[in-house]
Amino acid sequence: PSPATVDFTRLARGFALYGQCLGGQPYGNGHINDTYVVNFDQAGAPVRYIFQRINNRVFKNVPALMDNIRRVTAHAASQAAKLGGGDVSRRALTLIPAHDGRPCLTDEHGGFWRCYLFIEKARTYDIVETPAHAREAARAFGNFQRLLTGLPGARLHETIPDFHNTRRRYENLMRAVNADPLNRAAAVRAEIDFARQNEPLVDVLAKLHASGEIPERVTHNDTKFNNVMLDDDTHTGVCVIDLDTVMPGLALHDFGDMVRSATNSAAEDEPDLSKVSMRMPVYEGLVEGYLAAAGDFLTGAERAHLALSGRVITFEIGLRFLTDHIEGDVYFKTKRPGHNLDRARNQFALVRDIDARQSEMESVAGRLFKEPAPPAPAP
Ligand code: ATP
Ligand code: MG
Ligand code: MG
């Protein structure tokens, strides 16, 4: 149904909210869910909420996804309260349950709706323009991981299995190349060769995990800049939002995707590859913010592989774009012929630049993170 047909008053009655619902409007520039701001009058005070219709074509198991979000938001809030430092309802998303206690509602069309407190005096930005932006985003994602280090209970649901199974992504490309349904492979030989040459990258993170050097954690899995709320006055990170992909994962998946999405000097689909490069000051901002929030709980191996994670995840997403191009643009939305190929070439160009600057990037973490001094020996 179009926005005009959403009956907010009726929906609002299903949530554990009080006061009079004054109606709602579409809000923000999310691409996945339908997001609305809904206004209430609560005993004379104006209060706003976010209502979201969850995209259940993309997310096949909404109850599992909402179970993850319910546990993660509750734990993050309790940890934020313990750590102190200001309004907890701004530092973690607050989910408003339905009257029956469930974390979301179903409407008469079979749609799933959830409700969050509206985070006031903060907003999201689409593009990382400065190192300070990068620092605040990485700090917010690092802090999110920190709040969730001790999440009690069972492992979270793996709502998108094999999301960062880079080996699987590589095999999917090779399968597409062999099937070559649209005869596109011959024209992208150079990109396929690049993928083959970089095959050793696909197992690095999985091996570090298998050897016990890097642990499984609770990760966000969509660490774009516009999933961080920045305070309107201080421009510091308030909290992270958009928790649909929260799952078990590796911290380096989240950091690597920050490097991929934030450091590129060009848009992810820029066809002019001379514009693509890794912005070192933005990378430094990411490392600085991330280590400030997460440095002391990350393992040495995690800290040592921050730069490499950017290369791996950028390569992984490049593999996915190239696969989709060869398969006929069946997964990612395209706006022009060759759009996915442009994206793949762009990501591979970024991999090349990261590769060329790997040692410079590796030195950043060492410079910005000083191991805490060992306790002084007793006199
Ligand atoms: P994406 O395309 O990033 O996957 P999405 O469709 O999943 O987005 P969200 O990122 O959850 O949607 O929300 C869309 C926008 O709504 C956000 O960018 C943010 O501006 C705004 N928003 C979401 N939740 C809140 C909140 N609790 N308080 C204030 N604004 C919010
Ligand atoms: Mg979002
Ligand atoms: Mg989203």
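Here we summarise the structure given alongside this text. In this text the structure is predicted, and so the values were computed from the model without any measurement. One numbering rule holds for all chains: residues counted from 1, following each sequence as written. Just so you know, chain letters begin at A and ligand numbers begin at 1, following the order they were written in. Totals for whole chains, interfaces and linings use all residues, but because this is a predicted model, local features are given only for residues with pLDDT of at least 70 and pairs of side-chain atoms are given and counted only at 80 or more. Water and hydrogen atoms play no part in the side-chain values, which are based on all heavy atoms of the structure.

1. Focus on the overall build of the chain
Moving on, step 1. From N to C terminus, the chain includes 13 helices and 11 strands.
Moving on, step 2. Radius of gyration here is computed from C-alpha atoms only, and the compact-globule reference equals 2.2 Å multiplied by the residue count raised to the power 0.38. Rg of the C-alpha trace for the chain: 22 Å, near the compact-globule value of 21 Å for 379 residues, within the 12% margin.
Moving on, step 3. Its C-alpha atoms put the chain at 75 × 65 × 40 Å along the principal axes.
Moving on, step 4. Three labels apply to residues, based on accessible area from a 1.4 Å probe with only protein chains included: buried if under 20% of the type maximum, exposed if over 50%, partly exposed otherwise in between. Counting over 379 residues, the chain shows a buried share of 51%.
Moving on, step 5. Excluding contacts between residues fewer than 6 apart, the proportion of contacts in the chain whose partners are at least 24 apart in sequence is 72%.
Moving on, step 6. The method behind every accessible area is Shrake-Rupley, applied with a 1.4 Å probe, and residues are considered shielded solely by the protein chains displayed. When the accessible surface of the chain is split by element, carbon and sulfur atoms take 52% of a total near 17,600 Å².
Moving on, step 7. For this count, His and the chain ends are skipped, Lys and Arg are scored as positive, and Asp and Glu as negative. Charged side chains are reduced to one point each, which is NZ for Lys, CZ for Arg, CG for Asp and CD for Glu. Counting 44 positive and 48 negative side-chain charges, the chain places the averaged centre of each group 2 Å from the other. Numbering of helices and strands starts at the N terminus; helices are DSSP runs of H or I of at least 4 residues and strands are runs of E of at least 2. Whether two residues touch is decided by their heavy atoms; if any such pair falls within 4.5 Å, the residues are in contact.

2. Focus: the site of ligand 1
Moving on, step 1. Any residue with at least one heavy atom within 4 Å of a molecule or strand is counted as near it. Around ligand 1, a shell composed of 22 residues is seen, among which H31, N33, Q52, I119 and K224 lie nearest.
Moving on, step 2. By the criterion applied in these results, polar contacts are pairs of N or O atoms within 3.5 Å in which, for protein atoms, one can donate a hydrogen and the other can accept it, and in which residues neighboring in sequence qualify only through two side-chain atoms. In the model, an oxygen atom of ligand 1 is placed 2.8 Å from a nitrogen or oxygen of the N33 main chain.
Moving on, step 3. Within the backbone of I119, one N or O atom sits 2.9 Å away from a nitrogen atom of ligand 1.
Moving on, step 4. Put simply, the parts of the chain that give the shell around ligand 1 at least two residues each are strand 3 (45-54) and strand 6 (112-117).

3. Some words on the coordination of the magnesium ion (ligand 2)
Moving on, step 1. The rule for donors is simple: an N, O or S atom within 2.8 Å of the metal counts, and for Na, K and Ca the reach is 3.2 Å. Water is not among the atoms, so a site may look short of donors. Protein ligation of the magnesium ion (ligand 2) involves N227 (OD1) and D242 (OD), the donor distances falling in the range 2.1 to 2.2 Å.
Moving on, step 2. The distance between the magnesium ion (ligand 2) and the magnesium ion (ligand 3) comes to 3.8 Å, with D242 serving as a donor to both metals. Here the residue N227 occupies a position in the loop between strand 8 (217-219) and strand 9 (228-231), and D242 occupies one in the loop between strand 10 (237-240) and strand 11 (247-249), the gap between them amounting to 15 residues.
Moving on, step 3. With a relative accessible area of 3%, N227 lands in the buried category.
Moving on, step 4. You can call D242 partly exposed: its relative accessible area is 25%.

4. Considering the sheet that holds strand 9
Hydrogen bonding along the main chain pairs the strands of a sheet, whether they run parallel or antiparallel.
Moving on, step 1. The strand order 7-9-10 describes an open sheet built from three strands, whose pairing is antiparallel. Across the chains shown, the open sheet's two edge strands, defined by having one partner strand only, are strand 7 (122-123) and strand 10.
Moving on, step 2. By the convention used here, strands pair only if DSSP detects at least 2 bridges between them. Where strand 9 lies against strand 10, three bridges are found, and the strand directions are antiparallel. Bridge pairing in strand 10 links V228 to V240.
Moving on, step 3. Each axis is a line fitted through C-alpha atoms, taken for helices only over the stretch in contact, and angles between the N-to-C directions span 0 to 180 degrees. Sitting on the sheet, helix 4 (residues 131-147) is in contact with strand 9 and strand 10, with an inclination near 120° to strand 9.

5. Side note on helix 13 (residues 358-368)
Moving on, step 1. Among the residues making up helix 13, those that are buried are Q358, M361, V364 and A365. Burial along helix 13 is one-sided: seen end-on, the buried residues are contained in an arc of 110°. Note that the arc is computed from the directions linking the helix axis to the C-beta atoms.

6. Quick look at the nonpolar core
Moving on, step 1. Note on terminology: a nonpolar core comprises buried Ala, Val, Leu, Ile, Met, Phe, Trp, Tyr and Cys residues joined through side-chain atoms within 4.5 Å. Grouped together as the largest cluster of nonpolar side chains are 102 residues, with contacts concentrated most on F255, Y283, Y290, L306, F315 and L322.
Moving on, step 2. Counting residues per element, this core draws most heavily on helix 11 (residues 306-327), at 11 residues.
Moving on, step 3. Throughout, the edges of the domains are those of an automatic or database domain assignment. Looking at which domains feed residues into this core, each of domain 1 (3-119) and domain 2 (131-368) supplies at least three.
Moving on, step 4. Beyond its immediate stretch of four places on either side in the chain, L322 contacts L173, V188, E191, I192, L341, A344 and F348.

7. What about unusual backbone geometry?
For residues besides glycine, phi is generally negative; the peptide bonds are generally trans as well.
Moving on, step 1. Positioned with a positive phi, A43 is a non-glycine residue whose angle comes to about 50°.
Moving on, step 2. Tracing the backbone shows A43 in the loop between strand 2 (34-42) and strand 3.

8. Notes on the environment of D353
Moving on, step 1. Mapped onto the fold, D353 is located in helix 12 (residues 339-356).
Moving on, step 2. Aside from chain neighbours lying at most four places away, what touches D353 is S277 and M278.

9. Here we look at the packing of aromatic side chains
Moving on, step 1. In summary, the pairing rule links any two rings of Phe, Tyr or Trp, Trp by its six-membered ring, whose centres are within 6.5 Å, and it sorts them by plane angle into stacked for under 30 degrees, edge-to-face for over 60 and tilted for everything else. One pass over the structure, following the stated rule, counts 14 aromatic pairs.
Moving on, step 2. Residues F194 and F348 carry aromatic rings whose centres are separated by 4.7 Å and whose planes lie at 40° to one another, so their mutual orientation is tilted. Of this pair, F194 sits in helix 6 (residues 189-197) while F348 sits in helix 12; the two residues are 154 residues apart in sequence, bridging distant segments of the chain. Here F194 matches F348 in class, with each residue buried.
Moving on, step 3. For the pair F255 and Y283, a centre-to-centre distance of 6.3 Å together with 75° between the ring planes defines the contact as edge-to-face. Placement of the pair is F255 in helix 8 (residues 251-263) and Y283 in helix 9 (residues 280-294), with a sequence separation of 28 residues.
Moving on, step 4. Given the relative accessible area of 0%, F255 is considered buried.
Moving on, step 5. Only when the NZ atom of a Lys or the CZ atom of an Arg is both within 6 Å of the ring centre and within 35 degrees of the ring normal do we say a charge sits over the ring. Sitting above the plane of the F118 ring, R48 keeps its charged end 4.0 Å from the centroid.
Moving on, step 6. Against the face of Y125 rests R123, its NZ or CZ located 4.2 Å from the ring centre.

10. Describing helix 2 (residues 62-83)
Moving on, step 1. Multiply 1.5 Å by the residue count of a helix minus one, and that product is the helix's expected span. Here helix 2 is 22 residues long and its end C-alpha atoms lie 31 Å apart, about the 32 Å a rise of 1.5 Å per residue gives.
Moving on, step 2. V62, A64, L65, M66, N68, I69, R71, V72, T73, H75, A76 and A80 are the residues of helix 2 that are buried.
Moving on, step 3. Packing partners of the buried residues in helix 2 comprise strand 3, helix 3 (88-91), strand 4 (95-96), strand 6, helix 4 and strand 8.
Moving on, step 4. A distance of 3.1 Å separates the backbone nitrogen of A64 from a side-chain oxygen at the start of helix 2, and that oxygen is part of N61.
Moving on, step 5. Where helix 2 terminates, the next one or two residues include G84, which has phi positive at roughly 70°.

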